[in-house]
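The chain contents come next:
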Amino acid sequence: ANIMKTTSGLFLKVAREVAAQYPDVACNEMIVDNACMQLVMNPHQFDVIVTTNLFGDILSDLCAGLVGGLGLAPGANIGTDAAIFEAVHGSAPDIAGKGIANPTALMLAAAMMLDHLGELDAATRLRTAITATLEAKDRLTGDLGGSASTQDFTDAVVSRLS
């Protein structure tokens, strides 16, 4: 709220009002540039980050870079009546239809959806198969240093589901 006083100021005002309704939940405020630095230097201090769409997009891309890239970062928008699970990178139109996209983020978003639906065993199985595929390094997509196609990586994950 130090630069964009109207939009960020309103967000901060409402966030403080909501936080006051939950005194048992710790709430810390940070300016976005400091939040970026803190995410790089000490990411374990964060549990949940609540922010505007603009800053959330910047922070989520930074976090994706910390774990290996946008192809590994799932996202969820969970409300009281609906939930949407997706890869944070969106549809990646520049590589759509080429068979080179890393499907991990979408698979991890599916695991988050399974968690949300109470299908914890299925979510765990999917995450375990993804992890085994990444660790095996036998069918990684180009963004992870391999040469596998989207389908090859997916087939590798499916073959490791048990």
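A brief structural summary.

Scoring rules and cut-offs
Residues numbered from 1 in each chain as written. Predicted model: local features only at pLDDT ≥ 70, side-chain atom pairs only at ≥ 80, totals over all residues. Heavy atoms only, no water. Helix = DSSP H or I, 4+ residues; strand = E, 2+ residues; numbered from the N terminus. Buried < 20%, exposed > 50% of the residue type's maximum accessible area, 1.4 Å probe, protein only. Areas by Shrake-Rupley, 256 points an atom, 1.4 Å probe, with all protein chains shown as cover. Lys, Arg positive; Asp, Glu negative; His and termini not counted. Charge placed at Lys NZ, Arg CZ, Asp CG, Glu CD. Contact = heavy atoms within 4.5 Å. Arc of directions from axis to C-beta. Disulfide = S-S within 2.5 Å. Axes fitted to C-alpha atoms, helices over the stretch in contact; angles between N-to-C directions. Parallel < 35°, antiparallel > 145°, perpendicular 65-115°, else oblique. Left-handed = near helix turned anticlockwise from the far one by under 90°. Nonpolar A, V, L, I, M, F, W, Y, C, P; charged D, E, K, R; others polar. Pairing = 2+ DSSP bridges.

1. Focus on the overall build of the chain
Thinking step 1. Tallying secondary structure elements over the chain gives 6 helices and 2 strands in all.
Thinking step 2. Order of helices (α) and strands (β) in the chain, N terminus to C terminus: α-α-α-β-β-α-α-α.
Thinking step 3. Taking the principal axes of its C-alpha atoms as reference, the chain extends roughly 50 × 35 × 30 Å.
Thinking step 4. Across the 162 residues of the chain, 23% fall into the buried class.
Thinking step 5. Carbon and sulfur atoms provide 59% of the accessible area of the chain, an area that totals close to 10,600 Å².
Thinking step 6. Side chains of the chain give 9 positive and 18 negative charges; the mean places of these two sets differ by 3 Å.

2. Let's talk about the environment of Leu-70
Thinking step 1. Along the chain, the position of Leu-70 falls in the loop between α3 (53–67) and β1 (74–78).
Thinking step 2. Those residues in contact with Leu-70 that sit more than four places away from it in its chain are Asp-61, Ala-64, Val-88, His-89 and Ala-105.

3. A few points about helix α6 (residues 150–159)
Thinking step 1. Those residues of α6 that sit buried are Thr-150, Phe-153, Ala-156 and Val-157. The buried residues of α6 occupy an angular sector of 130° when projected down its axis, which confines them to one face. Residues of α6 that are exposed and point over 90 degrees away from its buried face: Val-158 and Ser-159.
Thinking step 2. The inward-facing, buried residues of α6 abut α4 (104–116) and α5 (120–136).

4. Things to note about the state of the cysteines
Thinking step 1. Evaluated as defined, the whole model comprises 0 disulfides.
Thinking step 2. Considering cysteine sulfurs only, Cys-63 is the nearest to Cys-36, which forms no disulfide, with 8.2 Å between them.
Thinking step 3. Judged by relative accessible area, which is 27%, Cys-63 ranks as partly exposed.

5. Points about the packing of α5 against α6
Thinking step 1. Following both chains from N to C, one finds α5 and α6 inclined at 120°, their axes separated by 8 Å at the closest point. Judged by the inter-axis angle, α5 sits oblique to α6. For the pair α5 and α6, the crossing hand works out as right-handed. Along the contact surface, α5 presents Leu-126, Ala-129, Ile-130, Thr-133 and Leu-134, while α6 presents Phe-153, Ala-156 and Val-157.
Thinking step 2. Taken together, the residues of the contact of α5 with α6 break down into 7 nonpolar, 1 polar and no charged.

6. Here's the deal with the pairing of strand β2 (residues 83–87)
Thinking step 1. Bridge analysis of β1 against β2 gives 5 bridges, and the strand direction is antiparallel. Bridge assignment links Pro-74 to a residue of β2, and that residue is Ala-87.
Thinking step 2. Connecting β1 to the antiparallel partner β2 that follows it, the hairpin turn spans 4 residues.

Everything listed here is a matter of coordinates, which is why it stays silent on function.
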